[in-house]
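Survey of secondary and tertiary structure
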Amino acid sequence: MIRDALVGALRATLHTLDIEPMPETISLERPARREHGDWSSNVALAAGKRAGWNPRELAGRIAESLSADLPPHVERVDIAGPGFVNFHLRETWLHDVLTDVVTTGQHDYARHHVGTGTRVNVEFVSANPTGPLHAGHGRGAAYGDSVARLLERCGYAVERETYLNDRGTQMLNFAASLASYRDGTELPDDGYRGDYVREWAADMPADADPLEWGEARALAEHQETLGRMGVRFDRWFSERSLLDQGAIEATLADLRERGVVDDRDGAVWLRSTDFGDDKDRVLVKTDGEFTYLLPDIAYHRDKFGRADVLVNVWGADHHGYVPRMKAAISALGHDPATLECRITQLVNLLDGGQPVRLSKRAGDIIELRDVLDEVGADAARLTYLLQSADTRLTFDYEVVKAAAAENPVFYVQYAHARIHSIGKKAAEQSVERRPLDQVDLGLLVHPRELDVLRVLSELPDTVLRAAEERAPHQIATWARELAGAFHGFYHDCRILDPAVDDELAQARLWLVEASRIGFSVGLDLLGVSAPESM
């Protein structure tokens, strides 16, 4: 890999200058502007001060030394700003990228091992089992599942989990509503009035427990809807199971033993201000009832028994809940940094610029299954992932369904379909790719060809960064960039054309195969299919 070769060259050069850098001081980044080179290092800034060097002077010495014996593929080395070392590479390095992609293959290209030995629990969706999922749950589902996919590609052992809030007043109201519709009695004042409750109640046996049956019915719908998006969980965790196992009482006893709980004013309090919260929190009310916080602490205590790092994907209404949960985790003796709370912002659903009507069936929400019926699972997932999850998302049905370049979903999937059209045409003409070692990749010098290879070269770094930052939208951005580069290549570079030299055609066929692998990896991380036709 070119990165490893450049890092090695920098380390060797520093050694000749009697500077032994800390491992983390040798980093390489891709400059924002191409004129600054293909790779840039701030090593002179990171190591200069500690070694007693002026950073720009040290950068000059490094560039001078490297220029005297240029590493492979390096055309020249120069410096910029206060001490950046910039590498300008020959096009040959991109030909090595192609070789790396196709020899490594779809399974292993852009795969990392930084997470080996670390268990991560990703909890997402976590909807009340009292009704259908809404469109906002779709964003959390797409985001959480793609974060899990990214972590797995980086070597982490990942468990996907959703938490069922199946205890408390809302569940009791839901069960009472089902019973009322089934038995023809008056609906409770706080009852559920959506048409779906009537539908479900009509199917409920006369001898069924409305609480148990209603939860199972809601979960069946959740599983069916999420399954359409390719989202499945390793564990559906029931809040009621915490009571059955005595986990809530055990958690309270644990907190007491740690000396972080007080009995005041007839209630039990967590001294969460000792751990950075803005006020202490009640765990048990004066009437002996648990607050919602204590079962949540018990749940996280259980998860920490199964994982080293917890990633919670919560909705926008949970923003204020993060500090108290961090404090609670600290009170249990865990490093608060091992609990990550990712907040997904709201989704603004439009159809041709006009607000989408609420679901007739659910009444006060837009059902996720309606979104999937309208645009399809692939389009929904990719649209949900186009922007950072912490920004408000506008999702317009008309745009998402349009077969036009302005539609990112169509634009990306159509590029992959074009790859298969090339393969189909090659088969019709009985053209086969020769073995890679018999093909001259040096013929790939057209700017459009090199653009594709540059984007492919960025995937390993993008995967690692997106996993570290829990940012699958970076993969969506990368996929759009690859689509743009491939569409440009497809338009400007003929392949199966009598006017194209056979040697060049072979090199371009391998470029197409490398692109197929790149798309397959990227789309899989997004949970989106790679269609062969559109």
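The rules behind the values
- Residues numbered from 1 in each chain as written.
- Predicted model: local features only at pLDDT ≥ 70, side-chain atom pairs only at ≥ 80, totals over all residues.
- Heavy atoms only, no water.
- Pairing = 2+ DSSP bridges.
- Helix = DSSP H or I, 4+ residues; strand = E, 2+ residues; numbered from the N terminus.
- Axes fitted to C-alpha atoms, helices over the stretch in contact; angles between N-to-C directions.
- Contact = heavy atoms within 4.5 Å.
- Polar contact = N/O pair within 3.5 Å; in protein donor to acceptor, adjacent residues only side chain to side chain.
- Buried < 20%, exposed > 50% of the residue type's maximum accessible area, 1.4 Å probe, protein only.
- Core = buried A, V, L, I, M, F, W, Y, C linked by side-chain atoms within 4.5 Å.
- Parallel < 35°, antiparallel > 145°, perpendicular 65-115°, else oblique.
- Left-handed = near helix turned anticlockwise from the far one by under 90°.
- Nonpolar A, V, L, I, M, F, W, Y, C, P; charged D, E, K, R; others polar.
- Phe/Tyr/Trp six-rings, centres within 6.5 Å; stacked < 30°, edge-to-face > 60°.
- Lys NZ or Arg CZ within 6 Å of the ring centre and 35° of its normal.
- Salt bridge = Lys/Arg side-chain N within 4 Å of Asp/Glu carboxyl O.

Examining the sheet that holds strand S4 (residues 119–123)
In space, the five strands of this open sheet follow the order S6-S5-S4-S10-S11, with parallel pairing throughout. Edge positions in the sheet fall to strand S6 (235–238) and strand S11 (339–344), since each of these pairs with one other strand and no more. Neighbour-to-neighbour, the strand axes of the sheet open up by a mean angle of 25°, direction not taken into account. Here five bridges tie S4 to strand S5 (residues 157–164), and the two strands are oriented parallel to one another. Counted as the bridge partner of Arg-119 is Ala-157 from S5. Contacts from helix H8 (residues 210–228) reach S5 and S6 within the one sheet, and its direction differs from that of S6 by about 150°.

A short note on the side chain of Asn-312
Here Asn-312 is to be found in strand S10 (residues 309–315). Among the polar contacts made by the side chain of Asn-312, one reaches the side chain of His-300 at a distance of 2.8 Å.

A word on the pairing of strand S8 (residues 267–270)
Here S8 shows two buried faces, one formed by Ala-267 and Trp-269 and the other by Val-268 and Leu-270. Direction of pairing for strand S7 (residues 261–264) relative to S8: antiparallel, over a ladder of four bridges. Bridging from a neighbouring strand, Asp-262 pairs with Trp-269 of S8. With three bridges joining them, S8 and strand S9 (residues 281–284) adopt antiparallel strand pairing. Its bridge partner being in S9, Leu-270 is matched across the sheet by Arg-281.

Notes on the nonpolar core
Within the largest apolar cluster, 122 residues are counted, with the highest numbers of intra-cluster contacts made by Ile-62, Phe-87, Leu-98, Leu-349, Val-371, Tyr-384 and Phe-395. In this view, Phe-87 contacts Leu-6, Leu-10, Leu-28, Gly-37, Asp-38, Trp-39, Leu-66, Val-74, Arg-76 and Val-77; residues no more than four positions away in its chain are not counted. If you look at the next biggest cluster of nonpolar residues, it comprises 33 residues, including Val-260, Ile-297, Ala-298 and Tyr-299.

What to know about the packing of helix H1 (residues 2–16) against helix H3 (residues 55–68)
Packing of H1 against H3 brings their axes to within 10 Å, and their N-to-C directions diverge by 110°. With respect to H3, the axis of H1 lies roughly perpendicular. Where H1 crosses over H3, the two elements pack in a sense that is right-handed. Of H3, the residues touching H1 (which contributes Ala-9, Leu-10, Thr-13 and Leu-14) are Ile-62, Ser-65 and Leu-66. Classifying every residue of the contact of H1 with H3 by side-chain character gives five nonpolar, two polar and no charged.

Examining unusual backbone geometry
Positive phi, normally seen in glycine, also occurs at Asp-18, with a value near 60°. Note on placement: Asp-18 falls in the loop between H1 and strand S1 (39–41). Asp-18 gets classed as exposed once you look at its relative accessible area, which sits at 72%. Positive phi, normally seen in glycine, also occurs at Val-125, with a value near 70°.

Some details on the packing of helix H10 (residues 247–257) against helix H11 (residues 293–304)
A pair of packed helices is characterised by two quantities: the angle between their axes and the separation of those axes. Between H10 and H11, the shortest axis-to-axis distance is 9 Å and the interhelical angle comes to 90°. By the angle between their axes, H10 is roughly perpendicular relative to H11. Residues Ala-247, Ile-248, Ala-250, Thr-251, Asp-254 and Leu-255 of H10 touch H11, and the partners they reach there are Leu-294, Pro-295, Ile-297, Ala-298 and Arg-301. Here the residues of the contact of H10 with H11 sort into eight nonpolar, one polar and two charged.

What to know about the packing of aromatic side chains
Tallied over the entire structure, the rule returns 16 aromatic pairs. When the centroid spacing of 5.2 Å and the interplanar angle of 80° are considered together, the rings of Phe-233 and Trp-236 count as edge-to-face. The buried category is assigned to Phe-233, whose relative accessible area is 11%. Ring pairs connect the aromatic residues Phe-174, Tyr-192, Tyr-196 and Trp-200, which therefore count as one cluster. Lying across the ring of Trp-269, Arg-264 places its NZ or CZ 4.7 Å from the centre. Positioned over the ring face of Trp-510 is Arg-433, at 4.5 Å from the centre of the ring.

Considerations on the pattern of salt bridges
Applying the stated criterion across every chain, the model contains 47 salt bridges. The partner of Arg-33 in a salt bridge is Glu-35, and the shortest N-O contact between them spans 2.6 Å. Among the residues examined, Glu-35 registers a relative accessible area of 47% and is labelled partly exposed. Taking the shortest distance from any N to any O, the salt bridge between Lys-401 and Glu-374 comes out at 2.7 Å. On the criterion of sequence distance, the pair formed by Lys-401 in helix H15 (residues 397–401) and Glu-374 in helix H13 (residues 368–375) is long-range, its members being 27 residues apart. Residue classification places Lys-401 among the partly exposed positions, given a relative accessible area of 45%. Glu-374 gets classed as partly exposed once you look at its relative accessible area, which sits at 33%. Bridged by salt links that share partners, the residues Asp-145, Arg-149, Glu-152, Arg-160, Arg-381 and Asp-524 form one connected network.

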